[in-house]
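Coordinates in review
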Amino acid sequence: MLLTYLGLGIILGLSMAAPPGPVNAMIANESTKSWFHGSSIGAGAMTADLIFFIIVYFIQGYIPMPIINALYIVGGIFMLYLSYLTIKAKMPSSSVRGNYIIGLSMGLTNPYQISWWVTVGISMIRSLSVLIIPGFFVGILIWIIAFPKAINMLGAKYVKYVKIISSIILVAFGVYLLYEGILNVI
């Protein structure tokens, strides 16, 4: 039974971590420096997931809409800023620790992560129990190690294209988050 929970958790963790989005765009961009730089962004975002898990576990999904709307706007502005820095190749920090903080702040201001935990996270905990959580984080860990290693091995020749694609993804998500945040406030 525990192996079933572990397996299901790994699959859910991978399904949350793998889709294209702003965090993976930043992981790809930083992985062109080294896989460890990319993994540190992912580790920061995974820490945000741990924080959200703890919050959701104890409050079972109550997050006021004004806070979610504010996070949409803050997250959108932050992603536009990161897009600019990505295309200019001047990331705020070139250290692994700085990248961890960027990943954490992206995760904490990412309405998609918040929404996932408030919806899927709650139902996952209620229907499958907290026994699924270790596997869930193992799945995320697999992704934040394997994806940066692959980008680092393949991306050295294509750094320019990785930066352009990463920047486009960040702009798209930033504009969308600003639109949603402003629309919900009006």
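Structure's up top.
Being a predicted model, the structure only gives us computed values, none of them experimental. (Residues numbered from 1 in each chain as written. Predicted model: local features only at pLDDT ≥ 70, side-chain atom pairs only at ≥ 80, totals over all residues. Heavy atoms only, no water.)

**Here's the deal with helix α4 (residues 65-87)**
The end-to-end C-alpha distance of α4 is 33 Å, a good match for the 33 Å that 23 residues give at a rise of 1.5 Å each. Those residues of α4 that sit buried are Ile68, Asn69, Leu71, Tyr72, Gly75, Gly76, Met79, Leu82, Ser83, Leu85 and Thr86. (Helix = DSSP H or I, 4+ residues; strand = E, 2+ residues; numbered from the N terminus. Expected span 1.5 Å × (residues − 1). Buried < 20%, exposed > 50% of the residue type's maximum accessible area, 1.4 Å probe, protein only.)

**As for the packing of helix α2 (residues 22-31) against helix α7 (residues 133-155)**
Two elements in contact, α2 and α7, have axes whose closest approach is 8 Å; the angle formed by their N-to-C orientations is 45°. Our classification of the angle between α2 and α7 gives oblique. In the packing of α2 onto α7, the handedness of the crossing is right-handed. Residues Asn24, Ile27, Ala28 and Ser31 of α2 form the contact with α7, whose own contacting residues are Trp143, Ile144, Phe147, Pro148, Ile151 and Asn152. Here the contact of α2 with α7 is composed, by residue class, of seven nonpolar, three polar and no charged. (Axes fitted to C-alpha atoms, helices over the stretch in contact; angles between N-to-C directions. Parallel < 35°, antiparallel > 145°, perpendicular 65-115°, else oblique. Left-handed = near helix turned anticlockwise from the far one by under 90°. Contact = heavy atoms within 4.5 Å. Nonpolar A, V, L, I, M, F, W, Y, C, P; charged D, E, K, R; others polar.)

**Side note on the nonpolar core**
Looking at soluble globular proteins, one finds that nonpolar side chains tend to be buried together. Grouped together as the largest cluster of nonpolar side chains are 40 residues, with contacts concentrated most on Trp117, Ile133, Phe136 and Phe137. Mapped onto this core, the elements with two or more residues apiece are α1 (2-17), α2, α3 (35-59), α4, α5 (96-108), α6 (111-128), α7 and α8 (159-185). Once residues within four sequence positions are removed from consideration, Phe137 is found in contact with Met46, Asp49, Leu50, Phe53 and Trp117. (Core = buried A, V, L, I, M, F, W, Y, C linked by side-chain atoms within 4.5 Å.)

**As for the packing of α1 against α7**
Where α1 meets α7, the axes come as close as 6 Å, and the angle between the chain directions of the two elements is 45°. In this view, α1 runs oblique relative to α7, as classed from their interaxial angle. Relative to α7, the crossing made by α1 is right-handed. Listed contacts from α7 to Leu6, Gly9, Ile10, Leu12, Gly13, Leu14, Met16 and Ala17 of α1 are Gly135, Phe136, Val138, Gly139, Ile140, Ile142 and Trp143. Tallied by class, residues from the contact of α1 with α7 come to eleven nonpolar, four polar and no charged.

**Comments concerning the layout of surface pockets**
Gaps between atoms show up when a probe of the same size as a water molecule is rolled over them. Approximately 360 Å³ is the volume attributed to the largest pocket. Taken together, 21 residues form the lining of the largest pocket, with Met16, Ala17, Val23, Asn110 and Gln113 sitting closest to its centre. Secondary-structure elements contributing two or more residues to the lining of the largest pocket are α1, α2, α3, α6 and α7. A breakdown of the residues in the lining of the largest pocket according to their chemical character gives 15 nonpolar, five polar and one charged. Each pocket or cavity is described by its volume, and for the second largest pocket that value is around 160 Å³. Asn24, Ala28, Phe147, Ile165 and Ile169 are, among the 13 residues lining the second largest pocket, the residues nearest its centre. Those elements that provide at least two residues to the lining of the second largest pocket are α2, α7 and α8. With four residues, α8 is the single largest residue contributor to the lining of the second largest pocket. In terms of residue class, the lining of the second largest pocket is built from ten nonpolar, three polar and no charged. (1 Å grid on protein atoms, 1.4 Å probe; cavity = no way out; pocket = protein on both sides within 12 Å on 5 of 7 lines; lining within 4 Å. Points joined across faces, edges and corners; volume = space filled by probe spheres on them.)

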